[in-house]
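# A look at the structure
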Amino acid sequence: MAEAGQAESEQDIESKIEETRQRFKSEYVEESQDRYDSRDVERLFKDDALAEGYLAWRHFVVEDTLKMIDESLQWRKEFTLNDLTESSIPRWMFESGAVFLHGYDKEGNKLFWFRVKLHVKDAKTVLDKKRYVAFWLERYAKREPGMPLTVVFDMSESGLSNIDMDFVKYIINCFKVFYPKFLSKMIMYEMPWIMNAAWKIVKTWLGPEAISKLKFVTKSDIQTYVGPEHLPPHMGGTDQFKYSYPPLPDDDFQSPICENGPIVSEDESDIKDIESESKETLESSFNSDQSIKPKKVNFLEDSQKSEDLDRGEPGRLRGARKPTTTFKGTLLHISPSEELRFGAKESEKKCLIILDNVTKNPVAFKVRTTAPEKYRVKPSNSSCEPGASVDIVVSLHGGFQASPQDRFLVMAAEMESSGGAGVPELAQFWKGVSKAKVMEHRLRCHVLESPKSILSNSFESPSATSSDHQDLQSTLMRVMASNSRLEQKLDACLWTQKALLLMVSFLLALTASLWTS
């Protein structure tokens, strides 16, 4: 009976979706063809999950759902969301770090950060700021359709000058109307008491359902919702992440798993990209050139397994830079947490990635890079036993130099205890594993600058030095001119003071003579 009821419910949903589409077409689309972007209309008519999302957010009341779809699709056309790219938005907004996606809450929802202290109300830039928020939301919606977000308003060190009620209302509408069912919760961190009145107004915009998602927290209780590994130090966490421009490619989106398993070459010298063409790329999310031609990410495969890195072979690890920081993931603890540090010296061309299995089952892992021609990764595709540790050596070869644009992706998924960890078993495992069960962590490359290069830059760049001298000279001239003006004003003040003293002395003498007479 329960199954029949569920099937009947599913039939009702299908019927509601069909009714919504038919009515939207006849009552809205046919009346005005230019009101919406045709791509959005087409998607609504083809994507059942999207239509159901609108219906669910309006409690399956078709009339209310139609109004919501109308408002949402008009907004999408107004903001040209289907064509919105980085070049559409001023670069300084990306560089400010006021808005970004990073980390997860305890329920596994992505964190969407708003650093309120970096926002200043300005009517001239408000439209660009709205487009900037839309850029992030649309990007996430395409990468993780249907996956909710947790919004964190970090209000530490903020004040009234940082609060823009119109902008806050826009952000709420994004989740209330434009991206239905995307909001998991909205965390308000360290909200100053002076803003209480403002947030009473905000609550009236949210509606009863959204109000239940609003969480006011301080440093003492924010870990109720977000673990310390995903919180910055000023919130009592251990995450040393610092937003920088450009951020890690797709730093805040999980890439789809490739359907084709890797073929391992038996000869290290013949390591090639044997990954078949797929839709998966790790593209630089903030590189306009990359938007024309995405950069493919390939497997670095090696015939040597994780056993080859046993402590019995210290020569392989000798010279590798040992990490000092750790990212604490759900399956693996990965060291380093943020970046691999390479330099020009021979001793700086090897780095170590240490994986610690914190589960009760074996964990399969593989490593990818955006520059497979530069690096050798040993092992790049293997497994780690429960409670065990695996050392991965990443080394530059062939005379290549590391670049800050190089990136690495560590992918991990928990295996069954009896699944086997040989090459065929791993290949079969990665073909069938669900994307939701895969943990991903990205690492950037940091290039160490040698003292010699610093000296050479200072001595071998006459144009830069000349430019610096010119800047200093012009600054000095401005300071001298300002000083001269101040001296003139000071002389005038002194002259006025002397004149006043003389007048006062004259008046006193005159008064004294009158009294004596």
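Summarised in this report is the structure supplied together with it. (Residues numbered from 1 in each chain as written. Predicted model: local features only at pLDDT ≥ 70, side-chain atom pairs only at ≥ 80, totals over all residues. Heavy atoms only, no water.)

## Quick look at helix H4 (residues 62-78)
What counts, and what does not: A run of H or I in DSSP counts as a helix once it spans at least four residues, and a run of E counts as a strand once it spans at least two, with each numbered from the N terminus. Under the convention used throughout, the expected extent of a helix is 1.5 Å for every residue step, that is, one less than its residue count. Whether a residue is buried, partly exposed or exposed follows from its accessible area with a 1.4 Å probe, protein chains only, as a fraction of its type maximum: under 20%, in between, or over 50%, in that order.
Along its 17 residues, H4 runs 24 Å from first to last C-alpha, staying within 8% of the 24 Å computed at 1.5 Å per residue. By the burial criterion, the buried members of H4 are Val62, Thr65, Leu66, Met68, Ile69, Asp70, Ser72, Leu73, Trp75 and Arg76. One or two residues past the end of H4 sits Thr80, with phi positive at roughly 45 degrees.

## Topic: the packing of aromatic side chains
For clarity, the threshold we go by: Classification of ring pairs rests on two measures: the distance between centres of Phe, Tyr or Trp rings, Trp counted by its six-membered ring, which must be within 6.5 Å, and the angle between planes, read as stacked under 30 degrees, edge-to-face over 60 and tilted in between.
Under the counting rule described, the total for this entry stands at 22 aromatic pairs. The interplanar angle of 85 degrees and the centroid separation of 5.0 Å between the aromatic rings of Phe94 and Tyr132 together place this pair among those described as edge-to-face. Taken together, the positions of Phe94 in helix H5 (residues 91-96) and Tyr132 in helix H6 (residues 126-143) put the pair 38 residues apart, joining distant regions of the chain. When the ring of Tyr140 is compared with that of Phe182, the centres are 6.2 Å apart and the planes differ by 85 degrees; the resulting orientation is edge-to-face.

## Points about unusual backbone geometry
Residue Ser335 is joined to Pro336 through a cis peptide bond whose omega torsion reads 5 degrees. Looking at where Pro336 falls in the secondary structure, it is placed in the loop between strand E8 (332-335) and strand E9 (339-342). Cis geometry is found at the peptide bond from Lys378 to Pro379, where omega equals -5 degrees. Relative to the helices and strands, Pro379 resides in the loop between strand E12 (375-378) and strand E13 (381-384). A positive phi is found at Glu157, a non-glycine position, where the angle reads about 65 degrees. The residue Glu190 is not glycine, and still its phi comes out positive at about 50 degrees. Tracing the sequence through the fold places Glu190 in the loop between strand E4 (183-189) and helix H8 (196-206).

## What to know about the sheet that holds strand E5 (residues 214-217)
Basically, it comes down to this: Pairing between strands is defined by DSSP: at least two bridges between the two strands are required. Comment: axis = line fitted to C-alpha atoms, over the contacting stretch for helices; angle = value between 0 and 180 degrees taken between N-to-C directions.
Overall, mixed pairing links the five strands, which are arranged E1-E2-E3-E4-E5 in an open sheet. Edge positions in the sheet fall to strand E1 (99-104) and E5, since each of these pairs with one other strand and no more. Within this sheet the neighbouring strands show an average axis-to-axis angle of 25 degrees, counted without direction. Pairing between strand E3 (residues 149-154) and E4: six bridges, direction parallel. Residue pairing for E4: Phe153 is matched across the bridge by Met188.

## Things to note about the nonpolar core
A general feature of soluble globular proteins is that nonpolar side chains tend to end up buried together. For clarity, the cut-off: Grouping buried Ala, Val, Leu, Ile, Met, Phe, Trp, Tyr and Cys residues that are joined through side-chain atoms within 4.5 Å yields what is termed a nonpolar core.
In this structure, Phe24, Trp75, Phe112, Trp136, Phe153, Tyr170 and Phe175 are the most contacted members of the largest nonpolar core, which totals 75 residues. The element contributing the most residues to this core is helix H7 (residues 165-178), with nine residues.

## Observations regarding the side chain of Glu138
Relative to the helices and strands, Glu138 resides in helix H6. For Glu138, a relative accessible area of 7% gives the class buried.

## Regarding the pairing of strand E2 (residues 110-115)
The side chains of a regular strand alternate between the sheet's two faces. Applicable threshold: By convention, orient the strands away from the viewer: a clockwise path from the first strand over the helix to the second makes the crossover right-handed.
Burial within E2 is extensive, with five of its six residues counted as buried. The hairpin turn running from E1 into E2, its antiparallel successor, is five residues long, and Gly108 in that turn takes a positive phi close to 85 degrees. In this structure, E2 lies alongside E3, joined through six bridges in parallel fashion. Residue Phe114 lies in a different strand from E3, and its bridge partner there is Phe153. The handedness of the E2 to E3 crossover, carried by H6, is right-handed.

## Some words on the pattern of salt bridges
Heads up, the condition is: Think of a salt bridge as a Lys or Arg side-chain nitrogen and an Asp or Glu carboxyl oxygen that are within 4 Å of each other.
Under the defined criterion, the tally for this structure stands at 18 salt bridges. Where Arg76 meets Asp40, a salt bridge forms, and the shortest distance between an N and an O atom there is 3.0 Å. Separated by 36 residues along the polypeptide, Arg76 in helix H4 and Asp40 in helix H2 (residues 38-46) bring together distant segments of the chain. When its relative accessible area of 6% is taken as the criterion, Arg76 is described as buried. Across the salt bridge formed by Lys185 and Asp105, the nearest N and O atoms sit 2.9 Å from each other. Here Asp105 lies in the loop between E1 and E2 and Lys185 lies in strand E4, a separation of 80 residues in the sequence. For Lys185, a relative accessible area of 6% puts it in the buried group.

In short, geometric facts, not functional conclusions.
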